[in-house]
Amino acid sequence: LPVVNIVVRGELFRKGGRFCRVSAGSVEGEAATSTRHDPVVDCQNAALTTLVDRFMVPCRAHFSVHRIVFDVTLSQTHLPHLMRVVRRLYKNGYKRKQVQVFTRFQSTGTQLENIALACHRVPAVHHTFVLRGDIHLLRTFPFKWMKDPNAVYVLNRMPAQPSDAPKQYRVVDTFWYVPKQWLAAF
């Protein structure tokens, strides 16, 4: 089986939508509360559950997973939620040496800088999946559609907005599969 790394990145448990972030500062004030029935917390927990159940566990049938790296920004309040997900990976057969967690409690840098930092945390000798931490998979990821392990795959269901200029491109930060020979260029 092809050897892969999985990088989960981005800001977790956040409120607000597009253009509501600053590139530096604490995420504590912007974070969802940790109350039992906070819809933001419930949605993020559900998304992390689907990431494990519908992506990371089934991934092992198609790839040999070398390393899973969480490189995320979240409030300290929500760190226990993330660590529950890590423990679920252990219960599903992943070893402690396979899973690494890097957290920051302040937004720093641009999205591009953060993606580059996250990708540098895994060995470049393997293929790499790069996923947003708040991706919610409605069904098991269709690994069988990935016919060529040496091709780059990008998934994005974000439609163009009326305000987008005709030749303006959106940042596709949801899901990438980057083969090892393209990781340095990526």
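Structure first, text after, so check above.
Residues numbered from 1 in each chain as written. Predicted model: local features only at pLDDT ≥ 70, side-chain atom pairs only at ≥ 80, totals over all residues. Heavy atoms only, no water.

### Things to note about the pattern of salt bridges
Part 1 of the argument: As enumerated under the stated definition, the model contains 4 salt bridges in all.
Part 2 of the argument: The closest approach of N and O atoms between D71 and R121, which form a salt bridge, is 2.4 Å. Of the two residues, D71 is situated in strand β3 (residues 64-73) and R121 in the loop between α3 (111-119) and β6 (127-132); the sequence distance between them amounts to 50 residues.
Part 3 of the argument: By relative accessible area, which is 2% here, D71 ends up buried.
Part 4 of the argument: Residue classification places R121 among the partly exposed residues on the basis of a relative accessible area of 28%.
Part 5 of the argument: Note that R132 and D134 form a salt bridge whose closest N and O atoms lie 2.7 Å from each other.
Part 6 of the argument: Connected through salt bridges with shared partners, the residues D71, R104 and R121 form a single ionic network. (Salt bridge = Lys/Arg side-chain N within 4 Å of Asp/Glu carboxyl O. Helix = DSSP H or I, 4+ residues; strand = E, 2+ residues; numbered from the N terminus. Buried < 20%, exposed > 50% of the residue type's maximum accessible area, 1.4 Å probe, protein only.)

### What to know about the environment of A116
Part 1 of the argument: Turning to its location among the elements, A116 is positioned in helix α3.
Part 2 of the argument: You can call A116 partly exposed: its relative accessible area is 35%.
Part 3 of the argument: Separated by 68 residues in sequence, A116 and A184 place their C-alpha atoms 9.9 Å apart.

### Remarks on the pairing of strand β4 (residues 99-104)
Part 1 of the argument: The sheet contact formed by β3 and β4 spans 6 bridges and is parallel. For T73, the partnering residue across the bridge sits in β4 and is R104.
Part 2 of the argument: What joins β3 to β4 is helix α2 (residues 79-91), and the crossover it makes is right-handed. (Pairing = 2+ DSSP bridges. Right-handed = clockwise from strand over helix to strand, strands pointing away.)

### What to know about the sheet that holds strand β1 (residues 3-11)
Strand pairing in a sheet is mediated by backbone hydrogen bonds. Such pairs are either parallel or antiparallel.
Part 1 of the argument: With mixed pairing, the 6 strands of this open sheet are ordered in space as β4-β3-β1-β6-β8-β7. Two strands in the sheet have a free side with no partner beyond their single neighbour: β4 and β7 (153-155). When the angles between neighbouring strand axes are averaged without regard to direction, this sheet yields 10°.
Part 2 of the argument: By the bridge criterion, 6 bridges tie β1 to β6 in an arrangement that is parallel. Bridge pairing in β6 places V4 opposite H127. (Axes fitted to C-alpha atoms, helices over the stretch in contact; angles between N-to-C directions.)

### What about the side chain of H126?
Part 1 of the argument: Tracing the backbone through its elements, the reader meets H126 in the loop between α3 and β6.
Part 2 of the argument: Excluding its chain neighbours within four sequence positions, the residues that come into contact with H126 are V3, V4, N5, H66, K180 and L183. (Contact = heavy atoms within 4.5 Å.)

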